[in-house]
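# Residue-level structure breakdown
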Amino acid sequence: MLVIGLIREGKVPSDNRVALTPGQCKWLVKHFSGLSILVQSSPHRCFSDEEYRQAGIEVTEDLSACDVLFGIKEVPVNMLIDNKIYFFFSHTKKKQAYNQPLMHAMVDRHITLIDYECLEHKDGQRIIGFGFFAGIVGAHNGIMAYGNRTGAYQLGRVREVHDYRELIHTYFGMKLPNIKIAVTGTGRVAHGILEIMNLLDVQEAEPAEYLRQEFDYPVYVHLKGTDLYHNRQNGTYDRTEFHTHPDSYECVFNQYLAHTDILMNGIYWDQQIPRLFSMEDLQRPDFRLQTIADITDDKNGSVPCNLGDATIESPVYGVDKRTGAKTVPYLPGSVDVIAVGNLPNELPRDASKFFGEQLIKYVLDDVRKGGSALIEKATILQKGQLTPGFMYLSDYAAH
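Please read all numbers here as calculations on a predicted model, not as lab measurements.

## Quick word on the packing of helix 4 (residues 131–150) against helix 6 (residues 188–199)
The contact between helix 4 and helix 6 brings their axes to 6 Å, and the two run at 45°. By the criterion of interaxial angle, the relationship of helix 4 to helix 6 is oblique. Regarding helix 4 and helix 6, the two cross each other, and that crossing is right-handed. Seen from helix 4, the contacting residues are Gly131, Phe132, Gly135, Ile136, Ala139, His140 and Ile143; seen from helix 6, they are Arg188, Val189, His191, Gly192, Ile193, Glu195, Ile196 and Met197. Classifying every residue of the contact of helix 4 with helix 6 by side-chain character gives 8 nonpolar, 5 polar and 2 charged.

## Description of empty space enclosed by the protein
Counting across every chain of the model gives 1 cavity of 30 Å³ or more. Taken as a whole, the largest cavity encloses approximately 60 Å³ of empty space. In terms of lining residues, the largest cavity is bounded by 13 residues, among which Ile7, Glu9, Asp15, Arg17 and Arg45 are the most central. Partitioned by chemical class, the residues of the lining of the largest cavity number 5 nonpolar, 4 polar and 4 charged.

## A closer look at the packing of aromatic side chains
Per the stated rule, a full pass over the model turns up 22 aromatic pairs. Seen in terms of ring centroids, Tyr116 and Phe355 are 4.9 Å apart; in terms of plane orientation they differ by 85°. Their pairing is edge-to-face. Of this pair, Tyr116 sits in the loop between strand 6 (112–115) and helix 4 while Phe355 sits in helix 10 (residues 348–362), placing them 239 residues apart in sequence. Here Tyr116 matches Phe355 in class, with each residue buried. On the numbers, 5.3 Å between centres and 85° between planes, the contact of Phe132 with Phe133 is edge-to-face. The exposure classification of Phe132 matches that of Phe133, with both residues buried. What links up through ring pairs into an aromatic cluster is the set Phe70, Phe87, Phe89, Tyr116, Phe130 and Phe355.

## A word on the UniProt feature "binding site: NAD(+)" (unreviewed entry) in the chain
Mapped onto the present numbering, the UniProt feature "binding site: NAD(+)" (unreviewed entry) falls on Asp227 and Tyr268. With respect to the element layout, Asp227 can be found in helix 8 (residues 225–228). Each residue touching Asp227, except ones within four places of it in the same chain, is listed here: Pro207, His222 and Val252. A distance of 2.8 Å separates a polar atom in the side chain of Asp227 from the backbone nitrogen of Lys224. Topologically, Tyr268 is positioned in the loop between strand 12 (262–265) and strand 13 (291–294).

## A word on the UniProt feature "active site" (unreviewed entry) in the chain
Here, UniProt's "active site" (unreviewed entry) annotation points to Lys73 and His91. Despite a sequence span of 19 residues, these residues sit close together in the fold, their greatest C-alpha distance being 8.6 Å. Here Lys73 is to be found in the loop between strand 4 (68–70) and strand 5 (85–88). Setting aside residues no more than four positions away along its own chain, Lys73 makes contact with Glu9, Lys11, Asp15, Arg17, Phe88, Phe89, His91, Gly341 and Asn342. Mapped onto the elements of the fold, His91 is located in the loop between strand 5 and helix 3 (100–108). Excluding anything up to four places from it in sequence, His91 contacts Lys73, Glu74, Gln96, Tyr98, Asn99, Asp115, Glu117 and Tyr396. A polar contact of 3.2 Å, which involves the side chain of His91, links it to the side chain of Glu74.

## With respect to the layout of surface pockets
Unfilled space is identified by rolling a water-sized probe across the atoms. For the second largest pocket, the calculated volume is near 450 Å³. Lining the second largest pocket are 23 residues, and of these Ile114, Ile375, Glu376, Lys377 and Thr379 sit closest to its centre. Where the lining of the second largest pocket is concerned, the elements lending two or more residues are strand 5, strand 6, helix 11 (364–369), helix 12 (373–378) and strand 17 (379–382). Residues of the lining of the second largest pocket, tallied by class, amount to 10 nonpolar, 8 polar and 5 charged.

So, how was this worked out
Residues numbered from 1 in each chain as written. Predicted model: local features only at pLDDT ≥ 70, side-chain atom pairs only at ≥ 80, totals over all residues. Heavy atoms only, no water. Axes fitted to C-alpha atoms, helices over the stretch in contact; angles between N-to-C directions. Helix = DSSP H or I, 4+ residues; strand = E, 2+ residues; numbered from the N terminus. Parallel < 35°, antiparallel > 145°, perpendicular 65-115°, else oblique. Left-handed = near helix turned anticlockwise from the far one by under 90°. Contact = heavy atoms within 4.5 Å. Nonpolar A, V, L, I, M, F, W, Y, C, P; charged D, E, K, R; others polar. 1 Å grid on protein atoms, 1.4 Å probe; cavity = no way out; pocket = protein on both sides within 12 Å on 5 of 7 lines; lining within 4 Å. Points joined across faces, edges and corners; volume = space filled by probe spheres on them. Phe/Tyr/Trp six-rings, centres within 6.5 Å; stacked < 30°, edge-to-face > 60°. Buried < 20%, exposed > 50% of the residue type's maximum accessible area, 1.4 Å probe, protein only. UniProt positions renumbered as here; feature names shortened; annotations may be inferred. Polar contact = N/O pair within 3.5 Å; in protein donor to acceptor, adjacent residues only side chain to side chain.

Below, the structure is given as structure tokens:
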């Protein structure tokens, strides 16, 4: 018998998403003999304890009988159960300093950590994540913030609707001004952004025409790696080379700064990758950007004026273009930034359902059967010991 547990999210601010919905739990138990699921009681989850009970799933406080525990965000140290197998987004693979105490605790408690972020197809494409709904909510918030700044239109909050279907209805009849929007990235986040562009009837323009002309309707340009980065020596772009040696590339996004009202940023970033622009660029006389939705949300990352996380309650802040200081939003002389680390929490039921479908389709069979190369490759810790693929974390995990 394999016993799966859905843990209560303990990180503050509280996350309301879950790895498997009540309906998905019911389906799994019905279709797989030898599988049972326990759900830890939670007052914050987007699906209530009662919804799980109605699906025939036991709700309990004690998960000690579980073989595998599924969460979403980092598990607080005091909630870890010794010697268990955990799946969650640990945010440790880049040696994030704020999660080093968590890494130390998992080592001490002989925990096996499998990180969703490390579950990948053979070509390196991530299998599982909330990126699509981050793109949906982040793009909505970017459009909302621009309307708030300019007074051109009013758009409500995503969290005020019940689900994605209801959100779509809020766009009917909405007319945007003749704005120009730059969308960056090619992954799930970018797909979510493009979904909102299509729902709002924003037309796509090719990079050359976007830079050359103004339009009498709203447009977006979709900028991929080849549009954003060029090899310093020969001006070309090779995806494999770029990801192996990003330091040999330069970013050419600054040519779009004079032509763009809203930036929707969906690109992956790490320390070696050039930023989209510099803080000094904010002072350029032709710096046109008024709103930046930094959906991938790296502090001081690809968007240098991302000064750190905002919250779902207050998702927009300003950055003074002259001093670089954080301000309230919508001030003259500032650019508005949306940088929220848990955007899908505004559409938690849809995001959880989507996530659970990926989990069932690509991962749970391997969990049941064991001996999976996919899961082995995503295992950062095995009973408290770093696995070979993550030995680069040795100094981070040691204490």
